[in-house]
Amino acid sequence: MGAEPLNRDAETLRARHSSPEFEAVATEAEAFEEKLQAALLFDPPEDLLNQIKGISDQPVRQRSWIPLALAASLLVFVGAAGLVWKQSHQWDSVEAYVMDHYSHDGSAVIAKAGENPSDQDISKILARLDARADERLASAITFIKYCPTPDGRGAHMVVSTDQGPMTIIYMPETRATDGEVIQFDQVQASLVNLEHGSAAIIGKQSQNIDSLVVMVRNSLKTGLLDA
């Protein structure tokens, strides 16, 4: 678990489920890994370059070595965490990615989804992925965040439906087998190819996800920069 907190091979899962103590350690490791992901997936300020230039234009002052040493240590830590995080996210197929991603934090994200995020938050995240949700889809989104995908950054969304919450994972640079349905861990995922990229629509096996699949096809507009 220390080397690969998100390891999902059969042997690791058997060991994890063999005792409450092991399950508790695995859950704690996954929670910490999620914090690392959240720290690494952020948008730099739009005026970052100007801020850096402004700092470089300031007169040179005598600086204590202690803050510099602390900053260097933090940089090394974040860099190492980023390498471990990337190495623990390698998928042979879109199907493997969807199963691993949802098994990692799908249920946890649904549990923390609550009040609808602002239209600005939804628009900002999707716009940075060259996409937009129309009013019908945007009004149903109760949670949205950036997430890793097989080909770069994507979006992880929870939407409210008449059958309960469901998940949409948008992959801007990844193509999938359109219409393929994956079943795992009591959930089902339908893969949808969009004009640009693809999406996975995920719900419990007891839920009918067809209506949400149609909504995503019609309401998630992609490839806006090429329009």
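Residue positions are given per chain, counted from 1 along the sequence in the order it is written. It should be noted that, the model being predicted, local features are given only for residues of pLDDT at least 70 and side-chain atom pairs only at 80 or more, the latter also being counted only at that level, while totals for whole chains, interfaces and linings use all residues. To get the side-chain values, all heavy atoms of the structure are used, and hydrogens and water are removed first.

## Focus on the overall build of the chain
Here is step 1 of the chain: The number of helices and strands found in the chain is 8 helices and 8 strands.
Here is step 2 of the chain: Remark: exposure states derive from per-residue accessible area (1.4 Å probe, protein chains only) relative to the maximum for the residue type, with buried under 20%, exposed over 50%, and partly exposed in between. Residues classed as buried in the chain amount to 39% of the 227 residues present.
Here is step 3 of the chain: Any pair of residues with heavy atoms lying within 4.5 Å of one another is described as a contacting pair. For the chain, restricting intrachain contacts to residue pairs at least 6 apart in sequence, the fraction spanning at least 24 positions comes to 58%.
Here is step 4 of the chain: For the accessible areas, the method is Shrake-Rupley and the probe is 1.4 Å, while residue cover comes only from the protein chains on display. Summed over all atoms, the accessible surface of the chain reaches about 13500 Å², with 55% contributed by carbon and sulfur. Each helix is a run of H or I in the DSSP string that is no shorter than four residues. Each strand is a run of E no shorter than two, and both are numbered from the N terminus.

## Side note on the confidence of the model for the chain
Low pLDDT marks regions whose predicted coordinates should not be analysed in detail.
Here is step 1 of the chain: What pLDDT reports is the predictor's confidence in each residue, on a scale of 0 through 100. Averaged over all residues, the pLDDT of the chain equals 82, while 76% of them reach at least 70.
Here is step 2 of the chain: Contacts for the low-pLDDT stretch residues 81-87, under 50 throughout, to residues beyond four places or in other chains number 9 contacts.

## What to know about the layout of surface pockets
Here is step 1 of the chain: For each structure, a 1 Å grid was placed over the protein atoms alone; sets of points admitting a 1.4 Å probe that cannot get out are labelled cavities, open sets with protein on both sides within 12 Å along at least five of seven lines are labelled pockets, and lining residues have an atom within 4 Å of a point. Grid points are joined across faces, edges and corners, and a volume is the space filled by probe spheres set on the points. Taken as a whole, the largest pocket holds about 240 Å³ of empty space.
Here is step 2 of the chain: Forming the walls of the largest pocket are 15 residues, and the residues nearest its centre are Tyr102, Ser103, His104, Asp105 and Ser107.
Here is step 3 of the chain: Contributions of two or more residues to the lining of the largest pocket are made by helix 2 (20-40) and helix 5 (94-112).

## Looking at the pattern of salt bridges
Here is step 1 of the chain: Whenever Lys or Arg places a side-chain nitrogen within 4 Å of a carboxyl oxygen from Asp or Glu, that contact is recorded as a salt bridge. In this structure the tally under the stated criterion is 2 salt bridges.
Here is step 2 of the chain: For the salt bridge of Asp105 with Lys145, the shortest nitrogen-to-oxygen distance reads 2.9 Å. Placement of Asp105 in helix 5 and of Lys145 in strand 2 (residues 141-149) is noted, with a sequence separation of 40 residues between them.
Here is step 3 of the chain: Between Arg217 and Asp178 there is a salt bridge, with the nearest N and O atoms lying 3.1 Å from each other.

## Topic: the pairing of strand 2
Here is step 1 of the chain: With 8 of its 9 residues buried, strand 2 lies for the most part within the structure.
Here is step 2 of the chain: At least two DSSP bridges between two strands are needed for those strands to be called paired. Direction of pairing for strand 2 relative to strand 3 (residues 152-161): antiparallel, over a ladder of 8 bridges. Considered in strand 3, the bridge of Phe143 is made with Val158.
Here is step 3 of the chain: Counting the residues in the hairpin turn of strand 2 and strand 3 gives 2 residues.

## Re helix 8 (residues 210-219)
Here is step 1 of the chain: Those residues of helix 8 lying buried are Leu212, Val213, Met215, Val216 and Ser219. The buried residues of helix 8 occupy one face: seen down the axis, they fall within an arc of 160°. Of the exposed residues in helix 8, the ones pointing more than 90 degrees away from its buried face are Asp210 and Ser211. Picture the helix axis, draw a direction to every C-beta atom, and the arc is the one those directions span.

## A closer look at the packing of aromatic side chains
Here is step 1 of the chain: Between 30 and 60 degrees the pair is tilted, below 30 it is stacked and above 60 it is edge-to-face, where a pair is any two Phe, Tyr or Trp rings, Trp via its six-membered ring, whose centres lie within 6.5 Å. Per the stated rule, a full pass over the model turns up 2 aromatic pairs.
Here is step 2 of the chain: Judged by centre distance (4.9 Å) and plane angle (80°), the ring pair of Trp91 and Tyr97 falls under edge-to-face. One exposure class covers both Trp91 and Tyr97, and it is buried.
Here is step 3 of the chain: Each ring, one from Tyr102 and one from Phe184, has its centre 6.3 Å from the other, and the planes form 80°; the classification is edge-to-face. Residue Tyr102 is found in helix 5, and its partner Phe184 is found in strand 5 (residues 181-184); the two are separated by 82 residues along the sequence. Taken as a pair, Tyr102 and Phe184 share a single burial class, namely buried.

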